Amino acid sequence: MGLPVRAALLREVGGPFVIDEVELDAPREGELRVRVAASGICHTDLTYRAGAGRFPLPVVLGHEGAGVVEAVGEGVTGFQPGDAVVLSYFSCRGCRTCAGGHFPYCERGYAGNFSGSRPDGSFPMRWRGEPVRSSFFHQSSFATHVLAHQHNAVKVDGSVPLERIAPLGCGFQTGAGAVLEAFRLQRGQQLAVFGAGSVGLAAIMAARVAGAARILAVDLSAERLELARELGATDTFLADEPGLTKTMVTLTRGGVDFALECVGSPQVLRQAFDVTRPLGTCGLLGLPGRDAEVSLSMTALLMGRRLVGILEGNVDPKAFIPRLVALNAEGRFPLEKLSRAYPFEAINDAVHDMEARVAVKPVLRMPGGGTT
Ligand SMILES: [Zn+2]
Ligand SMILES: [Zn+2]
């Protein structure tokens with residue numbers, strides 16, 4: 001018999017989440033049982049709710065959890081019960097890619113993050129006696145308790161409210177990592193961000209930290225652009241403005257050093273690429289449709305421009321999340337301005353508000369989770 005805990009089950013594609021009791025395994029080798037205090041909701045959760053997983057349901061989603069370690073399995077080093085942790089994406093930390101420090105592109109990353117099972121194919125939770133997919137990003141954090149792996153848990157200062165920093169595990173680290181780690185943007189350089197959701201806004205906050213001379217933001221919503229300005233954007237543009245690319249290139253005297261696509265649209269990627277200057281870099285962060293393709297000007301590419309896909313900001317969460325926590329404590333990465341808290345039971349309202357773009361980053365507060 002496992003430990004009875006509560007989890008939000010998705011039982012049909014596009015359907016509501018239903019909170020029910022499930023049984024959670026004891027931690028296996030390398031695993032930690034974490035009592036979840038809070039979990040952010042990321043766009044990838046919504047994409048999987050809409051059927052991106054193509055696997056049998058039910059599934060327990062959620063991959064921006066934070067909480068307190070309750071128990072550890074065999075072979076776990078560096079964690080003990082009582083530790084506060086932020087959970088991030090899984091990497092095996094043993095393959096060729098991981099050995100090179102490129103953890104987001106781990107050879108076992110797909111199995112460990114997107115299959116809904118552990119990398120070995122097993123499931124940590126049972127519902128009505130049957131195993132259910134419950135290891136999404138090796139956490140499935142839409143639950144009161146989860147099994148994470150020591151490779152995707154990051155120890156944090158226990159005095160920081162976990163509800164505030166829970167969303168650092170995916171969306172925020174993706175946007176901030178792209179600027180600070182993938183681009184290594186230098187003081188005085190220019191950045192353009194397409195899409196002012198949590199990922200794009202994190203990139204804007206990070207660009208301000210790095211001392212960008214100019215930060216351009218593009219979005220369909222005037223409200224989001226106002227928020228972008230508050231967080232550091234120097235120039236904002238509505239996405240449907242005619243002649244937008246030309247306006248941006250003129251304003252930046254020939255284009256920006258870096259552009260970020262945070263939407264996952266071929267048209268937007270083309271736009272982002274077109275506003276870079278010669279030798280500039282355009283990064284793709286948005287999750288595209290499975291068969292999406294893009295066309296580019298080969299002449300523009302030949303001018304030293306780069307186009308690069310970036311997963312999870314290219315960061316090692318074990319080093320980068322503590323860095324963001326420290327920046328937040330200094331008031332330089334105010335992610336709480338983007339968050340809106342919901343009780344766990346209101347998960348469907350939170351999803352609705354995120355889809356309606358009423359909430360930038362909904363954060364679920366687990367019953368009794370609180371802070372350390
Ligand atoms: Zn690996
Ligand atoms: Zn995510």
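For the structure, see preceding data.
Let us look at the structure shown here. What you see is a predicted model, and the numbers here were worked out from it, not measured in a lab.

## With respect to the coordination of the zinc ion (ligand 2)
Thought 1: The zinc ion (ligand 2) binds to the protein through Cys42 (SG), His63 (NE2) and Cys170 (SG), with metal-donor distances spanning 2.0 to 2.2 Å.
Thought 2: Going along the chain, you hit the donors of the zinc ion (ligand 2) in the pattern C-x20-H-x106-C. In this pair, His63 is assigned in the loop between helix H1 (43-49) and strand E4 (64-72) and Cys170 in the loop between helix H4 (162-165) and helix H5 (171-182), connecting sequence segments 107 residues apart.
Thought 3: Of the residues examined, Cys170 reaches a relative accessible area of 6% and is grouped as buried.

## Regarding the pattern of salt bridges
Thought 1: This structure, assessed with the given rule, holds 22 salt bridges.
Thought 2: Arg277 is the salt-bridge partner of Asp257, the closest N and O atoms lying 3.5 Å from each other. Remark: Arg277 occurs in strand E14 (residues 276-284) and Asp257 occurs in strand E13 (residues 256-261); sequence separation between them is 20 residues.
Thought 3: With a relative accessible area of 14%, Asp257 lands in the buried category.
Thought 4: Across the pair Arg270 and Asp274 runs a salt bridge, and its minimum N-O distance is 2.9 Å. Taken together, the residues Arg270 and Asp274, both in helix H9 (residues 266-274) and 4 residues apart, mark about one turn of the helix.
Thought 5: Judged by relative accessible area, Asp274 falls into the partly exposed class, the value being 28%.
Thought 6: Overlapping salt bridges bring together Glu23, Asp25, Arg28, Glu31, Arg118, Asp120 and Arg126 as one network.

## Remarks on the coordination of the zinc ion (ligand 1)
Thought 1: Around the zinc ion (ligand 1), the protein contributes the donor atoms Cys92 (SG), Cys95 (SG), Cys98 (SG) and Cys106 (SG), which lie 2.3 to 2.4 Å from the metal centre.
Thought 2: Each of the 4 donor atoms around the zinc ion (ligand 1) contributes to a set of angles spanning 101 to 121°, which defines the coordination as tetrahedral.

## A short note on the sheet that holds strand E2 (residues 17-24)
Thought 1: Spatially, E1-E2-E6-E7 is the arrangement adopted by the 4 strands of the open sheet, whose pairing is antiparallel. With one partner strand each, in any of the chains shown, strand E1 (3-10) and strand E7 (130-132) form the two edges of the open sheet. Between one strand axis and the next, the sheet turns through 50° on average, direction left out of account.
Thought 2: With 2 bridges connecting them, E2 and strand E6 (residues 125-127) associate as antiparallel partners. Opposite Glu23, over in E6, you have Arg126 as the bridge partner.

## A few points about the packing of aromatic side chains
Thought 1: Enumeration according to the criterion identifies 9 aromatic pairs in this entry.
Thought 2: Taking the centre distance of 5.7 Å and the plane angle of 85° together, the rings of Phe17 and Phe142 count as edge-to-face. Within this pair, whereas Phe17 is found in strand E2, its partner Phe142 is found in the loop between E7 and strand E8 (145-149), the two being separated by 125 residues in sequence. Comparing Phe17 with Phe142 shows no difference in burial state: the two are buried.

## Some remarks on unusual backbone geometry
Thought 1: For the bond from Leu57 to Pro58, the omega torsion is 5°, close enough to zero to count as cis.
Thought 2: Assignment of secondary structure puts Pro58 in the loop between H1 and E4.
Thought 3: Phi at Phe137 takes a positive value of approximately 50°, unusual for a residue other than glycine.
Thought 4: Following the sequence through the fold, Phe137 ends up in the loop between E7 and E8.

## Brief notes about the nonpolar core
Thought 1: Counting 57 residues, the largest nonpolar core has Leu168, Val179, Leu191, Leu201, Ile204, Leu260 and Phe333 as the members making the most contacts within it.
Thought 2: Per element, the largest residue contribution to this core is 10 residues, and it comes from helix H6 (residues 198-210).
Thought 3: Not counting residues within four places of it along the chain, the set of residues in contact with Leu191 comprises Val179, Phe183, Leu185, Ala203, Ala207, Arg214, Ile215, Leu216, Val256, Phe258, Ala259 and Leu260.
Thought 4: Counting 51 residues, the second largest nonpolar core, distinct from the first, contains Val34, Val76, Met125 and Ala359.

## A closer look at the packing of H5 against helix H11 (residues 317-329)
Thought 1: Two numbers describe how H5 lies on H11: the axes approach to 11 Å, and their chain directions differ by 95°. By the angle class used here, H5 and H11 are roughly perpendicular. Every residue of H11 that contacts H5 at Phe172, Gln173, Ala176, Gly177, Leu180 and Glu181 is listed here: Pro317, Phe320, Ile321, Arg323 and Leu324.
Thought 2: Here the residues of the contact of H5 with H11 are counted per class, giving 7 nonpolar, 2 polar and 2 charged.

## Quick look at the environment of Asn314
Thought 1: With respect to the helices and strands, Asn314 occurs in the loop between strand E15 (306-309) and H11.
Thought 2: Classification of Asn314 by relative accessible area gives partly exposed; the value is 31%.
Thought 3: Asn314 sits 131 residues away from Phe183 along the chain, and the two C-alpha atoms are 9.6 Å apart.
Thought 4: Side chain to side chain, Asn314 and Tyr105 meet in a polar contact 2.4 Å long.

## Observations concerning the environment of Gly188
Thought 1: Tracing the backbone through its elements, the reader meets Gly188 in the loop between H5 and strand E10 (190-194).
Thought 2: Take Gly188: its relative accessible area is 47%, and that puts it in the partly exposed class.
Thought 3: The contact partners of Gly188, leaving out residues within four places of it in the chain, are Gly211, Ala212 and Ala213.

The rules we used
Residues numbered from 1 in each chain as written. Chains lettered and ligands numbered in written order. Predicted model: local features only at pLDDT ≥ 70, side-chain atom pairs only at ≥ 80, totals over all residues. Heavy atoms only, no water. Donors = N, O, S within 2.8 Å, 3.2 Å for Na, K, Ca; no water. Helix = DSSP H or I, 4+ residues; strand = E, 2+ residues; numbered from the N terminus. Buried < 20%, exposed > 50% of the residue type's maximum accessible area, 1.4 Å probe, protein only. Salt bridge = Lys/Arg side-chain N within 4 Å of Asp/Glu carboxyl O. Tetrahedral: all angles 85-135°; square planar, octahedral: opposite > 155°, others 65-115°. Pairing = 2+ DSSP bridges. Axes fitted to C-alpha atoms, helices over the stretch in contact; angles between N-to-C directions. Phe/Tyr/Trp six-rings, centres within 6.5 Å; stacked < 30°, edge-to-face > 60°. Core = buried A, V, L, I, M, F, W, Y, C linked by side-chain atoms within 4.5 Å. Contact = heavy atoms within 4.5 Å. Parallel < 35°, antiparallel > 145°, perpendicular 65-115°, else oblique. Nonpolar A, V, L, I, M, F, W, Y, C, P; charged D, E, K, R; others polar. Polar contact = N/O pair within 3.5 Å; in protein donor to acceptor, adjacent residues only side chain to side chain.

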